[in-house]
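A closer look at the structure
Each chain, letter by letter, is given below.
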Amino acid sequence: MLDPWGCTWMLPALLSPPDAEKTPGYWNKGARRRLELALALQPAAQRAKNIILFMGDGMGLSTMSAARIYKGQLAGGSGEESVLAMETFPHMALAKTYTIDRQVPDSAGTGTAYLCGVKANAKTLGLSGAAVYGKCRTAFGNEVDSVLHRARLAGKSVGIVTTTRVQHASPGAAYAHSASRGWYADANMPEEALRDGCKDIAYQLVHNTDINVILGGGRMYMTPKWTPDPEYPEDRDQNGTRKDGRDLIAEWLSAKQGARYVWDKKGLDAVEDDSVSHLMGLFEPKDMRYELNRNTSTDPSIVEMTEKAVRILRKNPNGFFLFVEDE
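If you're wondering where the values come from, they're calculated on a predicted model, not measured in any experiment.

Cut-off values and rules
- Counting restarts for each chain: residues are numbered from 1 in the order of the written sequence.
- Since the coordinates come from a predicted model, pLDDT governs what is reported: local features require at least 70, and pairs of side-chain atoms require 80 or more to be given and counted, while whole-chain, interface and lining totals use all residues.
- Side-chain metrics rest on all non-hydrogen atoms present in the structure, leaving aside hydrogens and water.
- Under the pairing criterion, centres of Phe, Tyr and Trp rings, with the six-membered ring standing for Trp, must be within 6.5 Å; the plane angle then separates stacked pairs below 30 degrees from edge-to-face pairs above 60, leaving the rest tilted.
- Each helix is a run of DSSP H or I of at least 4 residues and each strand a run of E of at least 2, with the numbering of both proceeding from the N terminus.
- Residue exposure (1.4 Å probe, protein chains only): buried if accessible area is under 20% of the type maximum, exposed if over 50%, otherwise partly exposed.
- Charge over a ring is defined by NZ of Lys or CZ of Arg lying within 6 Å of the ring centre and within 35 degrees of the ring normal.
- Strands are treated as partners if at least two bridges between them are detected by DSSP.
- Orientation is described by lines fitted to C-alpha atoms, with helices fitted over the stretch in contact, and by angles between N-to-C directions that extend from 0 to 180 degrees.
- Whether two residues are in contact is decided by their heavy atoms, any of which lying within 4.5 Å being enough.
- The positive count covers Lys and Arg only, the negative count covers Asp and Glu only, and His and the chain ends enter neither.
- Any carboxyl oxygen of Asp or Glu within 4 Å of a side-chain nitrogen of Lys or Arg constitutes a salt bridge here.
- Whenever two N or O atoms come within 3.5 Å, that pair is a polar contact, provided that in protein one can donate a hydrogen and the other can accept it, and provided that, for residues adjacent in sequence, both atoms are side-chain atoms.
- Crossover handedness is defined here as right-handed if the route from the first strand over the helix to the second strand goes clockwise, with the strands pointing away from the viewer.
- UniProt positions are given in the numbering used here, feature names are shortened, and annotations may be inferred rather than shown by experiment.

**A short note on the packing of aromatic side chains**
In total, this model carries three aromatic pairs according to the counting rule given. Ring geometry for Y114 against F323: centres 6.2 Å apart, planes inclined by 25 degrees, an arrangement best described as stacked. Here the residue Y114 occupies a position in helix 3 (residues 107–116), and F323 occupies one in strand 6 (residues 320–326), the gap between them amounting to 209 residues. Overall, Y114 belongs to the partly exposed group, its relative accessible area being 28%. A cation sits over an aromatic face here: K119 above Y98, 4.1 Å from the ring centre.

**Thoughts on the sheet that holds strand 1 (residues 51–56)**
If you trace the six strands from one edge of the open sheet to the other, you get 1-6-2-3-5-4, paired in parallel fashion. Looking at which strands have only one partner, the edges of the open sheet turn out to be strand 1 and strand 4 (259–262). Each neighbouring strand pair of the sheet contributes to a mean axis angle of 5 degrees, computed without reference to strand direction. Two elements, strand 1 and strand 6, share six bridges in a ladder whose sense is parallel. Across the sheet, the residue bridging to I52 is L322, located in strand 6. Relative to strand 4, helix 8 (residues 248–255) is tilted by about 155 degrees, and along the sheet it contacts strand 3 (213–217), strand 4 and strand 5 (278–282).

**Observations regarding the side chain of E325**
Within the secondary structure layout, E325 lies in strand 6. No salt bridge is formed by the buried E325; its nearest oppositely charged neighbour, R181, is found at 7.9 Å. A polar side-chain atom of E325 sits 3.0 Å from a polar atom in the side chain of S170. If we skip the residues at most four places from it in the chain, E325 touches M55, D57, V161, T162, T163, T164, S170, P171 and I302.

**Structural notes on the pairing of strand 4**
As defined by bridge partners, strand 4 adjoins strand 5 across four bridges and the pair is classed as parallel. What sits directly across from V262, in strand 5, is G281. What joins strand 4 to strand 5 is helix 9 (residues 265–270), and the crossover it makes is right-handed.

**With respect to the pattern of salt bridges**
Here the structure, examined in full by the defined rule, presents 17 salt bridges. E87 is the salt-bridge partner of R68, the closest N and O atoms lying 2.4 Å from each other. Within this pair, whereas R68 is found in helix 2 (residues 61–74), its partner E87 is found in the loop between helix 2 and helix 3, the two being separated by 19 residues in sequence. The shortest N-O distance in the salt bridge between R165 and D287 comes to 2.8 Å. Linking R165 in strand 2 (residues 157–165) with D287 in the loop between strand 5 and helix 10 (302–313), this pair joins segments that are 122 residues apart in sequence. Accessibility expressed as a relative area gives 26% for D287, which makes it partly exposed. A single salt-bridge network, built from bridges that share partners, covers R152, D210 and K256.

**Digging into the UniProt feature "binding site: Mg(2+)" (unreviewed entry) in the chain**
According to UniProt, the positions carrying the feature "binding site: Mg(2+)" (unreviewed entry) are D57, H168, S170 and E325. These annotated residues cover 269 residues of sequence, and their C-alpha atoms lie no more than 11.4 Å from one another, placing them together at a single site. Checked against the element boundaries, D57 lands in the loop between strand 1 and helix 2. Those residues in contact with D57, other than ones at most four positions away along the chain, are S107, S170, E325, D326 and E327.

Right under this line is the structure:
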């Protein structure tokens with residue numbers, strides 16, 4: 001089956017009647033079919049033009065098992081016999097998730113690993129293991145480039161879609177170099193780090209890599225302190241937080257020809273794909289709401305954000321790279 005973007009997907013087979021599972025032939029036939037498919041598999045001979053990296057933050061084997069069982073039970077089965085779409089892919093693998101200083105990692109260290117290709121220390125972004133968490137000066141000279149940054153240098157369009165704030169650890173590893181994942185805005189940084197010349201993650205989002213599409217949460221880190229939030233103007237806790245007085249949204253818009261900024265679903269839906277080269281959509285002051293709590297009239301879903309991003313990015317004849325995270 002072809003999806004709207006021309007990708008081929010294998011659909012899982014319908015659930016067999018329970019009685020079929022009681023016969024050895026059912027299992028033998030299934031094993032034979034899977035072996036035949038594996039033996040017939042041929043390596044891809046062409047270089048990929050477009051890359052979409054989907055990341056389920058915290059989605060380990062136990063989460064996948066729970067999702068598989070839940071899907072199967074919704075279909076009326078016991079659950080274990082169900083198959084997730086990702087489990088039908090021709091190639092699958094496991095990856096070790098740890099940082100060089102901890103057995104249990106965080107999203108900053110793992111984001112640096114899968115986006116930049118190097119293991120790093122916990123809570124650091126886009127830096128090698130030579131950088132020390134919270135120590136600004138150790139960042140200089142230890143920056144590592146991400147696949148998003150490399151794709152942009154190669155002439156591809158690039159984008160980020162996340163249900164967290166766009167300055168959060170996972171998306172931040174795609175463009176930022178920070179000794180602390182928590183330095184969202186200058187207001188979140190210690191005075192020593194500011195004096196030493198380190199920049200906050202929101203600043204780096206706008207000034208490091210030319211990112212074509214940025215969709216997620218994180219409005220408050222982009223505007224001056226006390227700036228009312230457009231969605232919650234009466235709630236002071238949602239106001240802008242920047243101490244330097246910079247309006248990073250305005251700076252980003254002025255630096256990009258054909259750029260648009262939106263902050264709600266209505267604005268996103270109104271964006272004409274062919275009329276913009278750059279799109280920034282920040283739909284909450286911090287992280288976006290979980291899907292179960294999402295206001296469907298004001299906040300776009302991750303599916304809607306991803307579809308909009310693809311339609312804009314695919315205009316580039318050189319292809320695109322898109323990072324999509326759901327938490």
